[in-house]
Amino acid sequence: MKKTFIIMTGALSLLAGTALPGLAANKEISWIYCGDKIDPVHEKYIKQWEEKNSGWKIAPEVVGWAQCEDKATTLAASGSPAAMAYVGSRTLKEFAQNDMIVPVPMTDAEKKSYYPHIVDTVTFDNNQWGVPIAFSTKALYWNKDLFKKAGLDPETPPKTWAEEIAFAKQIKEKTGIAGYGLPAKTFNNTMHQFMHWVYTNNGQVIDKDGKITMDSPEVLAALQAYKDISPYSVEGATAYEQNEIRAIFLDGKVGMIQSGSGAATLLQKTNINWGIAPLPLGPSAKGQGTLLITDSLAVFKGSGVEEKAIEFAKFITSPEPQGEYELQGGAGLTPLRPSAKVDEFVKKDPYWKPLIDGIAYGGPEPLFTDYKGFQNVMIEMVQSVVTGKAEPEAALKKATGELEQYK
């Protein structure tokens, strides 16, 4: 029996004024492409693939980021799916359990070509349901001038949660400026930011068998750390999402934040004296960790060209096209695979090293049948702790029980 399809909420409104295509024409692969325009790297390799596959045409439809995933969902639910679409990997389980996408199995060689745990972001029930096409990780950024004003060594970032909390406290008490930027707005990256703490303490939310494992000492320690650092963070954390916290850091008004490569790109255009390091580790950590967030190409069922769409999806994300797409100037994507080109890239821009080092002990976005339900439970849990409405242990037990309905 199919489960209720949650991500359809609000999507049908996109049908207004949109003519739905029939099944994809023979030898045409329609692609819901997220963004403002097709990336030149993709244009180059689409042409190359078409030249090698006579009679076949790739037909991208560019859809803005805010509507892209809903557009793909709406077409699939209507029975007129695009052949493939760019989606957040977190949605793959929901799509698959509603019989809207087909598996995209990987060979052992294909799996081994990626950094550790990348394939886990698209895997459940021992199968892969999408091909990763974009990847992001996080690292710690610190303001060296604020460290110096607070009496801290400006060249020595915190390596542990205990140091991070102590440094945040010292910055706040010595300078009057927030020592840490903790986002807790009702927004998806509140959950993402917390998962970075979970994965820097060897924690887990749900295992590969679908069992909720969140009520553990490792996750409780992460939630307790949130409580402990909150007094020294930006006031009113529930008013800020991560990009708003980043803007405060760019203005020199917060000592430390966790952010992705985009912060480094922006910081290079400022006068901020900054540094970047791996995320600090919790007491149970086994190594550098981070949340591994991927977007993927999903191949939809019923287009009539599924096998060829899988072939193209694997081609456009294969090492040469994908490497060129990721490493072009300003792309801001963490590489999906190790390579000599990546080594050269890191040598040229050393700030990438902490963003890559966290992959080894990182973990995927937890896959739930109702991802938004999971996300909302996590946000409510974090907000209840940082606002003082609940103690970490009680908040964690409550959230763990609520997640059962969404797995």
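Residues numbered from 1 in each chain as written. Predicted model: local features only at pLDDT ≥ 70, side-chain atom pairs only at ≥ 80, totals over all residues. Heavy atoms only, no water.

Test applied: UniProt positions are given in the numbering used here, feature names are shortened, and annotations may be inferred rather than shown by experiment.
In the nomenclature of an unreviewed UniProt entry, the protein is known as Multiple sugar transport system substrate-binding protein of Rhizobium paknamense. Turning to the protein, the UniProt annotation filed under Sequence similarities (unreviewed entry) states: "Belongs to the bacterial solute-binding protein 1 family."

## What to know about the overall build of the protein
Heads up, the rule is: Strands are runs of DSSP state E lasting at least 2 residues, helices are runs of H or I lasting at least 4, and numbering of each runs from the N terminus. Note on exposure labels: buried denotes an accessible area under 20% of the residue type's maximum, exposed denotes more than 50%, and partly exposed covers the range between, all computed with a 1.4 Å probe on protein chains only. Contacts were defined at the residue level, with two residues in contact if any of their heavy atoms lie within 4.5 Å. Think of it this way: Lys and Arg go in the positive column, Asp and Glu in the negative one, and His and the chain ends go nowhere. Here the site of a charge means NZ on Lys, CZ on Arg, CG on Asp, or CD on Glu.
Scanning the protein from terminus to terminus reveals 16 helices and 12 strands. In terms of overall dimensions, the protein has C-alpha extents of about 70 × 45 × 45 Å along its principal axes. In the protein, buried positions account for 56% of the 407 residues. Partitioning the intrachain contacts of the protein with sequence separation of at least 6 by distance along the chain shows that 77% fall at a separation of at least 24. Taking the average place of the 42 positive charges on the side chains of the protein and the average place of its 48 negative ones, the gap between the two points comes to 2 Å.

## Remarks on the side chain of Glu164
Short version of the rule: Within this document, salt bridges are pairs made up of a side-chain nitrogen of Lys or Arg and a carboxyl oxygen of Asp or Glu, the two lying within 4 Å of each other.
Structurally, Glu164 can be placed in helix H6 (residues 161–175). Although Glu164 lies buried, it forms no salt bridge, and the closest oppositely charged side chain, Lys159, sits 13 Å away as judged by the N-O distance. Those residues in contact with Glu164 that sit more than four places away from it in its chain are Leu140, Pro158, Tyr180, Trp197, Ile229, Met256 and Pro280.

## Considering the layout of surface pockets
Put simply, the test is: Using a grid of 1 Å spacing that covers the protein atoms alone, one calls a set of points a cavity when a 1.4 Å probe fits there but cannot get out, and a pocket when the set is open and has protein on both sides within 12 Å along at least five of seven lines; lining residues are those with an atom within 4 Å of a point. Grid points are joined across faces, edges and corners, and a volume is the space filled by probe spheres set on the points. Any residue outside Ala, Val, Leu, Ile, Met, Phe, Trp, Tyr, Cys, Pro, Asp, Glu, Lys and Arg is labelled polar, Gly included; the first ten of those are nonpolar and the last four are charged.
A volume near 730 Å³ is recorded for the second largest pocket. Looking at the lining of the second largest pocket, the elements that each hand over two or more residues are helix H3 (92–97), strand E4 (123–124) and strand E12 (363–364). Of the residues that constitute the lining of the second largest pocket, the class distribution is eight nonpolar, 11 polar and eight charged.

## Describing the side chain of Thr137
We count it as follows: Pairs of N or O atoms within 3.5 Å make up the polar contacts considered here, provided that, within protein, one atom can donate a hydrogen while the other can accept it, and that residues adjacent in sequence are counted only when both atoms are side-chain atoms.
When you line up the elements, Thr137 lands in the loop between strand E6 (131–136) and strand E7 (139–143). With relative accessibility at 2%, the residue Thr137 sits in the buried group. Within the local environment of Thr137, its side chain forms a polar contact with the side chain of Thr334, the two groups lying 3.1 Å apart. In terms of polar contacts, Thr137 uses its side chain to reach the backbone carbonyl oxygen of Leu355, at 2.7 Å. The contact partners of Thr137, leaving out residues within four places of it in the chain, are Ser259, Gly260, Thr290, Leu291, Leu292, Thr334, Leu355 and Ile359.

## With respect to the pairing of strand E1 (residues 28–34)
Going by this rule: Paired strands are those between which DSSP finds at least two bridges. Note on handedness: a crossover is taken as right-handed if, strands pointing away from the viewer, the path from the first strand over the helix to the second is clockwise.
Judged by how many residues are buried, E1 sits mostly within the fold: six of seven residues are covered. Pairing of E1 with strand E2 (residues 57–63) involves seven bridges; the strand directions are parallel. The partner of Cys34 across the bridge, within E2, is Val63. Of the crossover connections in this fold, the one passing from E1 over helix H1 (residues 40–52) to the parallel E2 is right-handed.

## What about the nonpolar core?
Short version of the rule: Only buried residues count toward a nonpolar core. Its members are Ala, Val, Leu, Ile, Met, Phe, Trp, Tyr and Cys residues joined through side-chain atoms within 4.5 Å.
Grouped together as the largest cluster of nonpolar side chains are 82 residues, with contacts concentrated most on Ile29, Trp31, Tyr141 and Phe312. With six residues, helix H11 (residues 306–316) is the largest single contributor of residues to this core. In terms of nonpolar packing, the next biggest core, distinct from the first, is built from 51 residues, Met191, Met214, Met256 and Met381 among them.

## Examining the pairing of strand E9 (residues 254–259)
Side-chain positions along a regular strand alternate between the two faces of the sheet. For E9, the tally of buried residues reaches six of six residues, placing the bulk of the element in the interior. Strand direction decides the pairing type here: E7 and E9, joined by four bridges, are antiparallel. Each bridged residue has a counterpart across the sheet, and for Ala139 the counterpart in E9 is Ser259. Note that strand E8 (residues 178–180) and E9 share two bridges and pair parallel. Note on E9: the bridge partner recorded for Tyr180 is Met256.

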